[in-house]
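Listed below are the residues making up each chain.
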Amino acid sequence: MELRQLEHFVAVAEEQHFTRAAERLAVSQSGLSASVRALEHELRTPLFSRTTRTVRLTEAGAALLVEAERTLAGARAARDAVDAVRGLLRGTLTLGVEQCVAGVSTARLLAAFHREHPHMEIRLRQEGTSSLLEGVAGGRLDLAFAATVHPPEWRGELVPLAREPMVLLCAPGHRLAREGARVAWGELRGESFIDFHPDWGPRRAADGAFASAGARRTVALEVSDVHSLLELVHEGLGIAVVPQHFARKPEARGLVAVELDGAHVYESVVVLPPAQAMSPGAKALMKLVREAPLR
């Protein structure tokens, strides 16, 4: 079993398509197919269930994927460690990020990292908090910027980025649009809410706030990006409980941000693997994260 075969296998598993995987790896499709068949022959079991339209992992393939990602991550870490000793950072930095994480400018941070380490390839993945935790734990991600996670969910290191209150956003004509006022949770009863999918950090924070207040709500409209959320609130299709910095976005101009009773806080953190598992690229990025101009 060769690392090259594992790279081919992982690419097909992620793309769920042989042609797309071959294009991504810049290899011929016939060569990629032969590599995967050789791996299946060596393991004596099919790794993919193939039809004319779909490619899906078998149970054996799903088990191999976990270990293959771990093995490839270990190989990358070994190469990166040798380069770091030579004073040269090469390889790939794979970063995961929650949507609209507070406390750091991802674009400015990555631009600064690229200037300092031009030979490092940067890969960025935007996912929900649960997926980010799994990615760092499995070695698919070097580190991640996420919403608050709790000790039962994570055994690695968590570096705080920002803390801010949750606020209520509503259109100007809404009955709760009272600037300078505070809204009690009981006043939200019967309202229609707009929020993210359950895995996103702001949704998890909002669900936690409602649970702590003993209040129930109905999320009528679920979205996967902040711009859609703000647009729907503008149109009066519902209200949203969001981190305070959402209200400062240009797209939120004209909306009313109302304080809520209770100290319900949204926290952003850097999710890191255990110190001994941190890649040289992750360590270099964290050095930049701690610099004030990028915060």
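A brief report on the enclosed structure follows.

Thresholds, definitions, all that
- Residues numbered from 1 in each chain as written.
- Predicted model: local features only at pLDDT ≥ 70, side-chain atom pairs only at ≥ 80, totals over all residues.
- Heavy atoms only, no water.
- Core = buried A, V, L, I, M, F, W, Y, C linked by side-chain atoms within 4.5 Å.
- Buried < 20%, exposed > 50% of the residue type's maximum accessible area, 1.4 Å probe, protein only.
- Helix = DSSP H or I, 4+ residues; strand = E, 2+ residues; numbered from the N terminus.
- Contact = heavy atoms within 4.5 Å.
- Salt bridge = Lys/Arg side-chain N within 4 Å of Asp/Glu carboxyl O.
- Arc of directions from axis to C-beta.
- Axes fitted to C-alpha atoms, helices over the stretch in contact; angles between N-to-C directions.
- Parallel < 35°, antiparallel > 145°, perpendicular 65-115°, else oblique.
- Left-handed = near helix turned anticlockwise from the far one by under 90°.
- Nonpolar A, V, L, I, M, F, W, Y, C, P; charged D, E, K, R; others polar.
- Phe/Tyr/Trp six-rings, centres within 6.5 Å; stacked < 30°, edge-to-face > 60°.

### Examining the nonpolar core
What tends to happen in soluble globular proteins is that the nonpolar side chains get buried as a cluster.
At step 1: Leu143, Phe145, Val270, Leu285, Met286 and Val289 are the most contacted members of the largest nonpolar core, which totals 24 residues.
At step 2: Elements with a minimum of two residues in this core: strand 3 (91-97), helix 5 (106-116), strand 5 (143-147), strand 6 (157-170), strand 12 (265-272) and helix 9 (280-289).
At step 3: Counting residues per element, this core draws most heavily on helix 9, which supplies six residues.
At step 4: Not counting chain neighbours up to four residues away, the residues in contact with Val270 comprise Leu143, Ala144, Phe145, Glu157, Leu158, Val159, Leu161, Met286 and Val289.
At step 5: Of all hydrophobic cores here, the second largest spans 20 residues; its members include Cys170, Ile239, Val241 and Val256.

### Some points on the pattern of salt bridges
Here the idea is simple: oppositely charged side chains can pair when their charged atoms come close.
At step 1: On inspection of all chains with the given rule, the structure shows 17 salt bridges.
At step 2: Between Asp195 and Arg217 there is a salt bridge, with its nearest N and O atoms 2.8 Å apart. With Asp195 in strand 8 (residues 192-196) and Arg217 in the loop between helix 7 (201-212) and strand 9 (218-223), this residue pair connects regions lying 22 residues apart in the sequence. For the pair shown, Asp195 and Arg217 are each scored as buried.
At step 3: Beyond isolated ion pairs, a larger network of salt bridges with shared partners links Asp195, Arg203, Asp207, Arg217 and Glu222.

### Focus on helix 6 (residues 129-137)
At step 1: All buried positions along helix 6 are accounted for by Thr129, Leu132, Leu133, Gly135 and Val136. Axial view of helix 6: buried residues confined to an arc of 165°, hence all on one face. Of the exposed residues in helix 6, those oriented more than 90 degrees away from the buried face are Glu134 and Ala137.
At step 2: On its buried face, helix 6 is in contact with strand 3, strand 4 (120-126), strand 5, helix 7 and strand 12.
At step 3: Following helix 6 by one or two positions, Gly139 has its phi on the positive side, about 85°.

### What about the packing of helix 5 against helix 9?
At step 1: Interaxial distance between helix 5 and helix 9 falls to 10 Å at its minimum, and their mutual angle equals 120°. When the axis of helix 5 is compared with that of helix 9, the two are oblique. Judged by the sense of rotation from one axis to the other, the crossing of helix 5 with helix 9 is right-handed. Within the contact between the two elements, helix 5 uses Leu109, Leu110, Ala112, Phe113 and Glu116 and helix 9 uses Gly281, Ala284, Leu285, Leu288 and Val289.
At step 2: The residue inventory of the contact of helix 5 with helix 9, partitioned by class, reads eight nonpolar, one polar and one charged.

### Regarding helix 2 (residues 18-25)
At step 1: If you check which residues of helix 2 are buried, you get Phe18, Ala21 and Ala22. Buried residues of helix 2, viewed axially, fall in a sector of 100°; they line one side.

### Observations concerning the environment of Pro172
At step 1: The topology assignment puts Pro172 in the loop between strand 6 and strand 7 (182-183).
At step 2: If sequence neighbours within four positions are ignored, Pro172 has contacts with Ala177, Gly254 and Val256.

### Some remarks on the side chain of His117
At step 1: Turning to its location among the elements, His117 is positioned in the loop between helix 5 and strand 4.
At step 2: A relative accessible area of 17% means that His117 is categorised as buried.
At step 3: Here His117 is in contact with Leu89 and Ala284, once residues within four sequence places are set aside.

### As for the packing of aromatic side chains
At step 1: In total, this model carries five aromatic pairs according to the counting rule given.
At step 2: A ring pair is formed by Phe9 and Phe48, whose centres lie 5.4 Å apart and whose planes are at 50°; its orientation type is tilted. Pair noted here: Phe9 is in helix 1 (residues 3-15) and Phe48 is in strand 1 (residues 48-50), with a separation of 39 residues, a long-range link. When sorted by exposure, Phe9 lands in the same class as Phe48, which is buried.
At step 3: Centroid distance Phe196 to Phe246: 6.1 Å. Interplanar angle 90°. Geometry classified as edge-to-face. Taken together, the positions of Phe196 in strand 8 and Phe246 in the loop between strand 10 (240-243) and strand 11 (256-260) put the pair 50 residues apart, joining distant regions of the chain. Taken individually, Phe196 and Phe246 each receive the classification buried, so the pair is uniform in this respect.
At step 4: An aromatic cluster is present here, built from Phe9, Phe18 and Phe48 joined pairwise through their rings.

### So, the environment of Lys283
At step 1: As for its placement among the helices and strands, Lys283 is situated in helix 9.
At step 2: Residues Lys283 and Thr106, spaced 177 residues apart in sequence, show a C-alpha to C-alpha distance of 16 Å.
At step 3: Excluding anything up to four places from it in sequence, Lys283 contacts Ala275 and Met278.

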